[in-house]
Amino acid sequence: MKLVVALDMLIKCFNLVKDRCTKIDMLYQAMYILGSKFRWLSYEGFYTIVLEKDGEIISTALLRIHGTKVVEVPFVSTLLDYGKQGVTHHLVSVMVLASVKWRSQ
């Protein structure tokens, strides 16, 4: 259920993000890490991070890990009520800490 809410937040922020060639909804594919018959259109390595307050998702991000040295964050969304409060900064800090822990394993 949390993935549905997180995807809805991203869709509201980024509208429809479609691959130019296949017209596939990239947010949906990346969120659910769905396979692709095209080698160049891979959604492997994507992770969804959510930040909650009192059980409500207030910020979400899709991140993609490339090997052991690069992490890409192509999509981040925060509820308007939490804008200008450092929520995205906090979410990125959590991602950095998680990636450090992941790399040390």
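Bear in mind that the values here come from a model prediction, so they are computed numbers and not experimental data.

## Overview of the overall build of the protein
Helices and strands together make up the secondary structure of the protein, namely 3 helices and 3 strands. Ordered by position in the sequence, the α and β elements of the protein form the string α-α-β-β-β-α. Counting all 105 residues of the protein, 30% fall into the buried class. Nonlocal contacts in the protein, meaning residues at least 24 apart in sequence, comprise 38% of its contacts between residues at least 6 apart. Carbon and sulfur atoms make up 58% of the accessible area of the protein, which amounts to about 7200 Å² in all.

## Describing the packing of aromatic side chains
Within the structure shown, the criterion is met by 1 aromatic pair. Seen from their ring centres, Phe14 and Phe75 are 5.0 Å apart, and the 75 degrees between their planes marks the pair as edge-to-face. Of this pair, Phe14 sits in helix α1 (residues 2–14) while Phe75 sits in strand β3 (residues 70–78), and the two are 61 residues apart along the sequence.

## What about the nonpolar core?
A general trend in soluble globular proteins is that nonpolar side chains are found buried together. Counting 11 residues, the largest nonpolar core is built from Ala6, Leu7, Leu10, Val17, Leu27, Ala30, Met31, Tyr43, Phe46, Leu62 and Phe75. Counting residues per element, the ones that place at least two in this core are α1 and α2 (26–31). Formed by 9 residues, the second largest nonpolar core is a distinct cluster that contains Ala61, Leu63, Ile65 and Tyr82.

## Focus: the side chain of Ser77
Checked against the element boundaries, Ser77 lands in strand β3. From its side chain, Ser77 meets the backbone oxygen of Met9 in a polar contact 3.3 Å long. Ignoring sequence-local partners within four residues, the contact set of Ser77 consists of Met9, Leu10, Cys13, Ile58, Ser59 and Thr60.

## Examining α1
Look at α1: 18 Å from first C-alpha to last across 13 residues, which is about the 18 Å you get at 1.5 Å a residue. The set of residues buried in α1 consists of Ala6, Leu7, Met9 and Leu10. Projected down its long axis, α1 carries its buried residues within an arc of 155 degrees, all on one side. On its buried face, α1 is in contact with α2, β1 (46–53), β2 (56–66) and β3. Two residues or fewer after α1 comes Asn15, characterised by a positive phi angle close to 55 degrees.

## A short note on the sheet that holds β1
Spatial strand order, β1-β2-β3: 3 strands in an open sheet with antiparallel pairing. What marks the edges here is a single partner per strand, and that holds for β1 and β3. Taking each pair of neighbouring strands and ignoring which way they run, the sheet shows an average axis angle of 20 degrees. As paired strands, β1 and β2 are joined by 8 bridges and run antiparallel to one another. By the bridge assignment for β2, Tyr47 is matched with Leu63. Packed onto the sheet, α1 meets β1, β2 and β3 and runs at close to 85 degrees relative to β2.

Basis of the calculations
- Residues numbered from 1 in each chain as written.
- Predicted model: local features only at pLDDT ≥ 70, side-chain atom pairs only at ≥ 80, totals over all residues.
- Heavy atoms only, no water.
- Helix = DSSP H or I, 4+ residues; strand = E, 2+ residues; numbered from the N terminus.
- Buried < 20%, exposed > 50% of the residue type's maximum accessible area, 1.4 Å probe, protein only.
- Contact = heavy atoms within 4.5 Å.
- Areas by Shrake-Rupley, 256 points an atom, 1.4 Å probe, with all protein chains shown as cover.
- Phe/Tyr/Trp six-rings, centres within 6.5 Å; stacked < 30°, edge-to-face > 60°.
- Core = buried A, V, L, I, M, F, W, Y, C linked by side-chain atoms within 4.5 Å.
- Polar contact = N/O pair within 3.5 Å; in protein donor to acceptor, adjacent residues only side chain to side chain.
- Expected span 1.5 Å × (residues − 1).
- Arc of directions from axis to C-beta.
- Pairing = 2+ DSSP bridges.
- Axes fitted to C-alpha atoms, helices over the stretch in contact; angles between N-to-C directions.

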